[in-house]
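Structure assessment
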Amino acid sequence: MITKDELARGIRFAGARAAAAASYTKNWDHQLAHQWTSRDAFVHIATSAGTAPQIAPLLAGGALAGVTLEQVAGMNAQSIAKMANQSQEEVVRAIRDGHEASAAFVETMDEAALGQTVKLGGYEMPLAEIIAQVWIHHTIAHTYEASARWPIQ
């Protein structure tokens, strides 16, 4: 299992990489392989970046176990719409600040709580690993998707 220290460092790393990619990506209107643009993906990262203090307890308590893909999509659309008027610099700052807040929160968590097994969708793993999925892997996946231009343009 990922340790609390590794988890906090990983969250900070993912946030720093996402913020860097967002600041260097020129065309935020670039259409991705689905309905989102690069801007939408970066805004999505920004809106979820600092939510560990709210979401981790819900994950641990099983409150999110029954959330459907359609519900998540609806929540994502709402959160993206709320940041429609934010500048690129504001989105980058929200990514960086949010990941720092989530990492700082993780540092306050009890090791035993991080080790408890949680079921969420197809996942059944320690809470720390689910947090890593959301605030590290998820961030990096959307960052790559939003900033990659293949073939190189």
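1. Description of helix 5 (residues 88-108)
- With 21 residues, helix 5 ought to run about 30 Å at 1.5 Å a step, and its terminal C-alpha atoms sit 31 Å apart, in line with that.
- V91, V92, I95, G98, H99, S102, A103 and V106 are the residues of helix 5 that are buried. When helix 5 is viewed along its axis, its buried side chains cluster within an angular range of 135 degrees and face the same direction. Turned more than 90 degrees off the buried face of helix 5, the exposed positions are E89 and T108.

2. Quick look at the environment of E90
- Along the chain, E90 turns up in helix 5.
- Spatially, the C-alpha atom of E90 lies 9.7 Å from that of V43, the residues being 47 residues apart in sequence.

3. Some remarks on the layout of surface pockets
- Taken as a whole, the largest pocket encloses approximately 1000 Å³ of empty space.
- Sorting the residues of the lining of the largest pocket by element identifies helix 2 (38-49), helix 3 (52-61), helix 4 (69-82) and helix 7 (127-147) as the ones contributing at least two each.
- It is helix 4 that contributes the most residues to the lining of the largest pocket, seven residues altogether.
- A breakdown of the residues in the lining of the largest pocket according to their chemical character gives 15 nonpolar, 11 polar and no charged.

4. Regarding the packing of helix 2 against helix 5
- Viewed as axis vectors pointing N to C, helix 2 and helix 5 meet at an angle of 30 degrees, and their least axial separation amounts to 7 Å. Like other packed secondary-structure pairs, helix 2 and helix 5 cross with a definite hand, here left-handed. Contact with helix 2, carried on its side by R39, F42, V43, I45, A46 and A49, involves V91, A94, I95, G98, H99 and S102 of helix 5 and no other residues of that element.

5. A word on the pairing of strand 1 (residues 117-120)
- Where burial is concerned, the two faces of strand 1 differ: the one with V118 and L120 is buried and the one with T117 and K119 is not.
- Here four bridges tie strand 1 to strand 2 (residues 123-126), and the two strands are oriented antiparallel to one another. Residue K119 lies in a different strand from strand 2, and its bridge partner there is E124.
- Counted between consecutive antiparallel strands, the loop separating strand 1 from strand 2 contains two residues, among which G121 sits at a positive phi close to 55 degrees.

6. Topic: the nonpolar core
- L7, I11, M109, I131 and I136 are the most contacted members of the largest nonpolar core, which has 22 residues in total.
- Elements represented by at least two residues in this core include exactly helix 1 (4-24), helix 3, helix 5, strand 1 and helix 7.
- In terms of residues, this core owes the most to one element, helix 7, which gives seven residues.
- For L7, the contacting residues outside a window of four places in its chain are I2, V106, L114, A128, I131, A132 and I136.
- Ranked by size, the runner-up nonpolar core spans 18 residues in total, among them A41, I45, A46 and I95.

What counts and how
Residues numbered from 1 in each chain as written. Predicted model: local features only at pLDDT ≥ 70, side-chain atom pairs only at ≥ 80, totals over all residues. Heavy atoms only, no water. Helix = DSSP H or I, 4+ residues; strand = E, 2+ residues; numbered from the N terminus. Expected span 1.5 Å × (residues − 1). Buried < 20%, exposed > 50% of the residue type's maximum accessible area, 1.4 Å probe, protein only. Arc of directions from axis to C-beta. 1 Å grid on protein atoms, 1.4 Å probe; cavity = no way out; pocket = protein on both sides within 12 Å on 5 of 7 lines; lining within 4 Å. Points joined across faces, edges and corners; volume = space filled by probe spheres on them. Nonpolar A, V, L, I, M, F, W, Y, C, P; charged D, E, K, R; others polar. Axes fitted to C-alpha atoms, helices over the stretch in contact; angles between N-to-C directions. Left-handed = near helix turned anticlockwise from the far one by under 90°. Contact = heavy atoms within 4.5 Å. Pairing = 2+ DSSP bridges. Core = buried A, V, L, I, M, F, W, Y, C linked by side-chain atoms within 4.5 Å.

Any functional reading would require information beyond the geometric quantities listed.
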